[in-house]
Amino acid sequence: MNTLTINHLSLIYQNGHQAVKDLSLEISNGMFGLLGPNGAGKSSLMKTIVGLQKPTSGNIIFNGTDVVKDPDHIKRNLGFLPQDFGVYPKVSAYDLLEHIAVLKGITNRTERKNQILSLLEKVNLAEFRKKEVHTFSGGMKQRFGVAQALLGNPKIIIVDEPTAGLDPEERNRFNALLNEISQDVIVILSTHLVEDVRNLCSEMAVMNKGQILRKGKPAVLISELENRIWSKPISKDELESYYSSHEIISRQLIERELHITVFSEEKPEHFDPVKPLLEHVYFHTLTQKP
Ligand SMILES: Nc1ncnc2c1ncn2[C@@H]1O[C@H](COP(=O)(O)OP(=O)(O)OP(=O)(O)O)[C@@H](O)[C@H]1O
Ligand SMILES: [Mg+2]
């Protein structure tokens, strides 16, 4: 079993912005979903875990070793798929994997070759191994990203919004791949897609403004909202008065008609009950006053 323990972690950027605030979290094998709006601090947290930036205070322990004091330990056991890869060098997929494998310390040539070829098979890129990565489609680039993250059989894999920009088929394929690799390792997945967390993750957390607001098993968090979520179609003019009288957690257009969804311990008059979804957990968490 692998464990990652984050204790009272804070990260303040040079411009004074605090992106992570006294955050504590314990994660073990399986897929862990990190949900949060833009700017919540997800990427900042992930980059700190992988040792790309040093925290201002607090510590991170991976399998008993302090990540900040001994960054090489986690780096040897880590696969990271960043949100933004930047520019790819003009080399073939195979050669780029070869380069990354050397950086990851896979020194044996035969072993390196075997790993690269089997990973290219796994992510369905074997036939494109001689093509340059910058010519790949978005989905192919993401699958390449997974291949490089898996080099060296990491025990912890961190993927930051991996399916953003993928078409539904590519997204399904990508999720199936993540699911397959998450059995015996820690996978931390940050995403805006609540549905993906519901389908893939055994544990999750909602993050906002540098803090974890709620964590647990998706199914348990959903069950806590049983008989507490209600909805009603309204006209646009009524919206403001409903905001002052009800705890609106979301509003959305359904077949061009405005619906509001509210959280309430008792059934509000003229509202219909709604079967709670993880989306409601997410919105309810974000609308709650600290
Ligand atoms: N290098 C930096 N210097 C200063 N502030 C930064 C830096 N990087 C990020 N921030 C700020 O820290 C906060 C958290 O950013 P971060 O990228 O971690 O959020 P996120 O949850 O990953 O958002 P998104 O969902 O948009 O990717 C934001 O307010 C952002 O503007
Ligand atoms: Mg981010």
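Right, let's walk through the structure included here. All of these numbers come straight from a predicted model, not from anything done at the bench.

The rules behind these values
Residues numbered from 1 in each chain as written. Chains lettered and ligands numbered in written order. Predicted model: local features only at pLDDT ≥ 70, side-chain atom pairs only at ≥ 80, totals over all residues. Heavy atoms only, no water. Near = heavy atom within 4 Å. Polar contact = N/O pair within 3.5 Å; in protein donor to acceptor, adjacent residues only side chain to side chain. Areas by Shrake-Rupley, 256 points an atom, 1.4 Å probe, with all protein chains shown as cover. Helix = DSSP H or I, 4+ residues; strand = E, 2+ residues; numbered from the N terminus. Nonpolar A, V, L, I, M, F, W, Y, C, P; charged D, E, K, R; others polar. Contact = heavy atoms within 4.5 Å. Donors = N, O, S within 2.8 Å, 3.2 Å for Na, K, Ca; no water. Expected span 1.5 Å × (residues − 1). Buried < 20%, exposed > 50% of the residue type's maximum accessible area, 1.4 Å probe, protein only. Arc of directions from axis to C-beta.

A separate point is the site of ligand 1. Around ligand 1, a shell composed of 15 residues is seen, among which Asn38, Gly39, Lys42, Ser43 and Ser44 lie nearest. At a separation of 3.1 Å, an oxygen atom of ligand 1 approaches a polar side-chain atom of glutamate 161. When isolated, ligand 1 has an accessible area of 640 Å², and the protein chains bury 67% of it. By residue number, the principal contributor to the shell around ligand 1 is helix H1 (residues 42-49), which donates 3 residues. Residues of the shell around ligand 1, tallied by class, amount to 4 nonpolar, 9 polar and 2 charged.

In this fold, asparagine 175 is placed in helix H6 (residues 168-181). With near-sequence residues (within four places) excluded, asparagine 175 lies in contact with Thr163, Asp196 and Leu200.

On to the coordination of the magnesium ion (ligand 2). Within the protein, the atoms that donate to the magnesium ion (ligand 2) are Ser43 (OG) and Gln83 (OE1), at distances of 2.0 to 2.2 Å. Within this pair, whereas serine 43 is found in helix H1, its partner glutamine 83 is found in the loop between strand S6 (78-81) and helix H3 (93-103), the two being separated by 40 residues in sequence.

Our next topic: helix H4 (residues 109-122). Under the 1.5 Å per step criterion, the end-to-end length of H4 is 20 Å for 14 residues, consistent within 8% with the ideal 20 Å. Every buried residue of H4 is accounted for by Arg112, Gln115, Ile116, Leu119 and Leu120. Buried residues in H4, looked at end-on, bunch into an arc of 130°, giving them a common side. Turned more than 90 degrees off the buried face of H4, the exposed positions are Thr110 and Glu121. Tucked inside the fold, the buried residues of H4 contact H3 and helix H5 (138-150). Here H4 starts with a cap whose side-chain oxygen sits 3.0 Å from the backbone nitrogen of threonine 110, and that cap is asparagine 108. In the segment just after H4, asparagine 124 is the residue with positive phi, at about 60°.

So, about unusual backbone geometry. With phi around 45°, asparagine 63 is a residue other than glycine that occupies positive phi space. With respect to the element layout, asparagine 63 can be found in the loop between strand S4 (57-62) and strand S5 (65-66). Backbone geometry at asparagine 124 places phi at a positive 60°, although glycine is not the residue there. In this fold, asparagine 124 is placed in the loop between H4 and H5.

Note that every value here comes from positions in space, so none of it alone points to a role or purpose.
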